[in-house]
Amino acid sequence: MEERRPNRFAPSDFFRPLSSGHHGRTPSYDDVISRCRRSEFCSRRRLIGGNGNVRLDDRHPPRSILRSSSAPPFSTYGCGSTLALVRAAVEKAANATSELGWPDLDFVLFTGDHSRHKVLYREQILEDIRVVTDVFEEYFPDTPLVKMPALDLGNHDLERKYALDVTSHEPCLPSNSGGVETLPVATNEWLQHLSEQQSDLFVDELEKATFACGGYMNRAINEELNIISLNTVVWSYRHKPHPKSTKLRADPFGQFAWLRTQLSDARDAGKKVFLTGHIPPVVDGFDKLKRHEMKMRPFYEQDKPIILYDIIAEYMDVLAGLVFGHTHSNELRHVAALSDNGPPLLIGRSVGPCFSTNPGFNVVKYDRGGMFHPTDIASFTMDLSKQDSGTDPRSVPNPFVLDIPSVVEYLGMDSLTNSETLRLANRMLPGSGDATDVWDRYYNNWFKGVPQNCHSQTIASTTCQRYQACIVACSDNYGALINCNASVAAGMGIEEGCGLDLTLDEYLAGETEAHNKATDWMRRFVLVAGAIGMIYALTVTSWWLFVKSKQSKPPIATNMNWF
């Protein structure tokens, strides 16, 4: 096995995690006006950061330049990002700590989705991954995690969206026989292809083999801190094809078993770990206006977040933070499995404006002297409405500006902790003392950078506000969340409404109960629909046979001789 190559690392108190960036082909301006909201043209990008770390999420970069001189140089609402937008975001991120007066960044996180929506060919996806990597390397030549492969696999980093064949349930760990170490064996062709295409970005053969085997990896930043990148696509409820066996479904690519091993090793070594991935283990916070009521759905299959949060609770002393992308919005999520002083789950806004989002990224400060928990966030953004169409992006100043130097101060929080995130949710409720101001700052500015239409003619703004407060408070548990809005509307507090006054086991049990109810309802629906379909099919078949039998009878004689 090759000797591990040291990371190039400059110690500091900051990280800027770069997360997914959907690098997608951009249409001409004429297409933008009439077709930009069609999914084939949607791409996205986003950035989050920390102790001097940058995370760029959902960038979905474009594969071609705009073809019209009147086209907006940095894309437009409802579309994917242009390459000029991607470069502007990464360039600004590279100089963000200087503007903030913070120490140099420690590492960069990239949380998946290199390619735009509706990319159909592997050559395009691989090209997009390489383009994104090259931009990072240009602006972060001496920053550790830039020299990585597609850190977190996004749902658009596959040959088909959410499609990754689960070919093993064994954890991707090296084996040792007679003093000879054997690397994990790759069983998935796409993961193996990705690892070969980016072989120069791994620090050693073990890291490369682990990624090729399961799409996840563990990298040491220094002697005190590791980054674990999770393959969250295989936990998604939209993942396909559905694993064929019970073992494959229970632990795809053995990732849960592998994660326990990595966290146990980190504990033994006295190290802290940031967990990062593309799809967060929470309920979707994007507004669902269906049948005149708010709808919500967990991103993961029912049992997967329960297992993950059980592991997190077991190794809470090791966890430095949870950093994810995918939602195209800045979000804080309270996590019941973590202590009050533990970190909330952080989600970063996209750089691409595909879902009515102003491009943005965050720089996150964390405590390097203790638990390595995030302590504050600085948010950078760009107002797309102020760009001039047809302008050469090389002739204008960088459009990204420092919007919020301190999210903790901006939202009136005492600290960036789990307990303060729960208090933030309570303060967002209608009728709270500063609810209007807190709601407007969180949801109509920091969330996506533009005011959001959270209500309709059939859904009151107060209902929407309660819904979003519950999303912040208890979206790690679907069973708790579905009860929260009605309970809070009846005058209960967030804690009681979510069930946060229960033990963790009781709280997580609500997830299973809610899922079983939904499953029972779906089972009954399928049985009834199947019975109706069967009756319909039998009726149609019987009628067809009746008609055919009539047609096959010999004609009745009408000119018969009676004598």
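Preceding this paragraph is the structure being described.
Residues numbered from 1 in each chain as written. Predicted model: local features only at pLDDT ≥ 70, side-chain atom pairs only at ≥ 80, totals over all residues. Heavy atoms only, no water.

### A word on the nonpolar core
Formed by 46 residues in total, the largest nonpolar core has its most connected members in Ile228, Leu259, Leu263, Leu275, Ile312, Leu322 and Leu345. Elements represented by at least two residues in this core include exactly helix H4 (122–139), helix H5 (189–197), helix H6 (205–214), helix H8 (255–268), strand S9 (272–277), helix H9 (303–314), strand S12 (319–324) and strand S14 (345–347). In terms of residue count, H8 provides more of this core than any other element does, five residues in total. Leave out the neighbours within four places in its chain, and leucine 345 touches Pro280, Pro281, Val282, Tyr309, Leu322, Phe324, Glu331, Leu332, Arg333 and Val335. (Core = buried A, V, L, I, M, F, W, Y, C linked by side-chain atoms within 4.5 Å. Buried < 20%, exposed > 50% of the residue type's maximum accessible area, 1.4 Å probe, protein only. Helix = DSSP H or I, 4+ residues; strand = E, 2+ residues; numbered from the N terminus. Contact = heavy atoms within 4.5 Å.)

### Quick word on the sheet that holds strand S13 (residues 331–333)
If you walk across this open sheet you meet the six strands as S7-S8-S9-S12-S14-S13, and the pairing is mixed. Of all the strands in the sheet, the pair left with one neighbour each is strand S7 (217–220) and S13. Adjacent strand axes in the sheet meet at a mean angle of 20° when their direction is disregarded. Of the strands in this sheet, S7, strand S8 (225–229) and S9 are in contact with H8, which crosses S8 at around 175°. (Pairing = 2+ DSSP bridges. Axes fitted to C-alpha atoms, helices over the stretch in contact; angles between N-to-C directions.)

### As for empty space enclosed by the protein
Applying the stated criterion to the full structure yields three cavities of 30 Å³ or more. Volume-wise, the second largest cavity comes out at about 50 Å³. Lining the second largest cavity are Val234, Ser236, His239, Pro241, His242, Pro243, Arg249, Pro252, Glu301 and Lys304. Residues of the lining of the second largest cavity, tallied by class, amount to four nonpolar, three polar and three charged. (1 Å grid on protein atoms, 1.4 Å probe; cavity = no way out; pocket = protein on both sides within 12 Å on 5 of 7 lines; lining within 4 Å. Points joined across faces, edges and corners; volume = space filled by probe spheres on them. Nonpolar A, V, L, I, M, F, W, Y, C, P; charged D, E, K, R; others polar.)

### Some words on a negative patch on the surface
Residues Asp310, Glu495, Glu496, Asp501, Asp505 and Glu506 make up a contiguous surface patch of negative charge. At the level of elements, helix H15 (494–498) and helix H16 (504–552) are the ones that each hand at least two residues to the negative patch. Here aspartate 310 shows up in helix H9. The exposure class assigned to aspartate 310 is partly exposed, which follows from its relative accessible area of 33%. (Patch = residues over 30% accessible without salt bridge, like charges linked within 9 Å, V, L, I, M, F, W, Y side chains within 5 Å. Areas by Shrake-Rupley, 256 points an atom, 1.4 Å probe, with all protein chains shown as cover. Salt bridge = Lys/Arg side-chain N within 4 Å of Asp/Glu carboxyl O. Lys, Arg positive; Asp, Glu negative; His and termini not counted. Charge placed at Lys NZ, Arg CZ, Asp CG, Glu CD.)

### Some remarks on helix H14 (residues 478–489)
Residues Gly479, Ala480, Leu481, Cys484, Asn485, Ser487 and Val488 constitute the buried set of H14. The positive-phi residue at the C-terminal boundary of H14 is glycine 491, with phi of around 105°.

### A few points about the environment of histidine 328
By secondary structure assignment, the location of histidine 328 is in the loop between S12 and S13. A relative accessible area of 1% means that histidine 328 is categorised as buried. Counting along the chain gives 20 residues from histidine 328 to glycine 348, while the straight-line C-alpha distance between them is 6.8 Å. Side chain to side chain, histidine 328 and serine 350 meet in a polar contact 3.3 Å long. (Polar contact = N/O pair within 3.5 Å; in protein donor to acceptor, adjacent residues only side chain to side chain.)

### Some points on the state of the cysteines
A complete count under the given rule lists three disulfides for this structure. A disulfide bridge connects cysteine 172 with cysteine 213, and the sulfur atoms are separated by 2.0 Å. Here cysteine 172 and cysteine 213 share a disulfide; its torsion about the S-S bond, -80°, makes the bridge left-handed. A residue pair is termed long-range when its members are at least 10 positions apart, and cysteine 172 in the loop between H4 and strand S5 (175–177) and cysteine 213 in helix H6 qualify at 41 residues. Cysteine 213 shares its class with cysteine 172; the two are buried. Bridging cysteine 474 to cysteine 498, the disulfide has an S-S length of 2.2 Å. With the S-S dihedral at roughly -60°, the linkage between cysteine 474 and cysteine 498 falls on the left-handed side. On the criterion of sequence distance, the pair formed by cysteine 474 in helix H13 (residues 461–474) and cysteine 498 in helix H15 is long-range, its members being 24 residues apart. Of the two residues, cysteine 474 and cysteine 498, both sit in the buried class. (Disulfide = S-S within 2.5 Å.)

### With respect to H5
Of all the residues in H5, the buried ones are Trp190, Leu191, Leu194 and Ser195. Buried residues of H5, seen end-on, are gathered within an arc of 135° and therefore sit on one face of the element. (Arc of directions from axis to C-beta.)

### Details of the packing of aromatic side chains
Following the criterion strictly, the structure yields 14 aromatic pairs and no others. Where tryptophan 439 meets tyrosine 443, the ring centres are 4.5 Å apart and the plane angle is 15°; that geometry is what we call stacked. Here tryptophan 439 and its partner tyrosine 443 are both found in helix H12 (residues 435–446), four residues apart, which amounts to about one turn of the helix. Just as tryptophan 439 is buried, tyrosine 443 falls in that class too. Taken together, the aromatic side chains of Trp439, Tyr442, Tyr443, Trp446 and Phe447 make up a single cluster linked through ring pairs. (Phe/Tyr/Trp six-rings, centres within 6.5 Å; stacked < 30°, edge-to-face > 60°.)

### Brief notes about the packing of helix H11 (residues 418–428) against H12
Look at H11 against H12: their axes get within 8 Å of each other, and the N-to-C directions meet at 115°. Of H12, the residues touching H11 (which contributes Leu424, Arg427 and Met428) are Ala435, Val438, Trp439 and Tyr442. Class assignment for the residues of the contact of H11 with H12 results in six nonpolar, no polar and one charged.

### Considering the environment of valine 401
If you trace the backbone, valine 401 turns up in strand S17 (residues 401–404). A relative accessible area of 46% means that valine 401 is categorised as partly exposed. Residues valine 401 and serine 379 lie 22 residues apart in sequence; the distance between their C-alpha atoms is 8.7 Å. Apart from residues lying up to four places away in sequence, valine 401 is in contact with Ser379, Phe380 and Thr381.

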